[in-house]
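In case you want the letters, here they are:
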Amino acid sequence: MKHLIAAALILGASTLALAQNPTADTAHKAHSEKSAKAKAKPSASRTEIKSTAKNMAAGVEAAEAALSPEELALADRVHTGRIPCELGAYVTVTADEKAPGYFNVVGKGFKYRMSPVASRTGALRLEDEKAGAVWIQIANKSMLMNQKLGQRLADECMSPEQAIVADSLRKNPAPSLLDTPATALAK
């Protein structure tokens, strides 16, 4: 029993001595402060990694932004300006000065950054792939659709050039495929 009491006293004394030792306590606090500073201030390698990531992202965006010569040629045909649409609505199409071939298409409740896309039909298409928006321009009108929402945002939009073509088609309509040719009637 004497041995058990002696062991308890020795253990208690050593614990008391450690608790009162200022160097052990100071060393623990200093270590805690260093960890807090390391967490608060990013290291040089972390900063370098962030910078490299930003530069890579900018490079990817620049590569995506580069348009082919065919797409740049399509961009030259896009009607720009404030274009009136049906029901008193309008769409403003402006060329992006910083990125040749890109356009900002803005109207009530929407704003898209679009680029030209070749189409098989000959219609001029501008698309904002991220938003799912498409501006389709044909000879006599244009329309804006949001494919993700499945709705037309603007229809019967006509620039001054398109209004001239639409007026001409009203005055001199193209012959219907169902009309009988004049040469067949002469027989």
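Before any of the text, the structure's been laid out above.
Residues numbered from 1 in each chain as written. Predicted model: local features only at pLDDT ≥ 70, side-chain atom pairs only at ≥ 80, totals over all residues. Heavy atoms only, no water.

Throughout the structure, instances matching the rule amount to one disulfide. The disulfide that involves C85 links it to C157, with 2.0 Å between the sulfurs. Since a negative S-S torsion denotes a left-handed disulfide, the C85-C157 link at about 105 degrees is right-handed. Linking C85 in the loop between strand 1 (81-84) and strand 2 (90-95) with C157 in strand 8 (residues 151-157), this pair joins segments that are 72 residues apart in sequence. (Disulfide = S-S within 2.5 Å. Helix = DSSP H or I, 4+ residues; strand = E, 2+ residues; numbered from the N terminus.)

Counted according to the given criterion, the structure contains one aromatic pair. Geometrically, the ring pair formed by F110 and Y112 is stacked, given 5.8 Å between the ring centres and 20 degrees between the ring planes. With a relative accessible area of 9%, Y112 lands in the buried category. Above the ring of Y90, the side-chain terminus of R82 is found at 3.5 Å from the ring centroid. Its end group placed over the ring of Y102, R113 keeps NZ or CZ at 4.2 Å from the ring centre. (Phe/Tyr/Trp six-rings, centres within 6.5 Å; stacked < 30°, edge-to-face > 60°. Buried < 20%, exposed > 50% of the residue type's maximum accessible area, 1.4 Å probe, protein only. Lys NZ or Arg CZ within 6 Å of the ring centre and 35° of its normal.)

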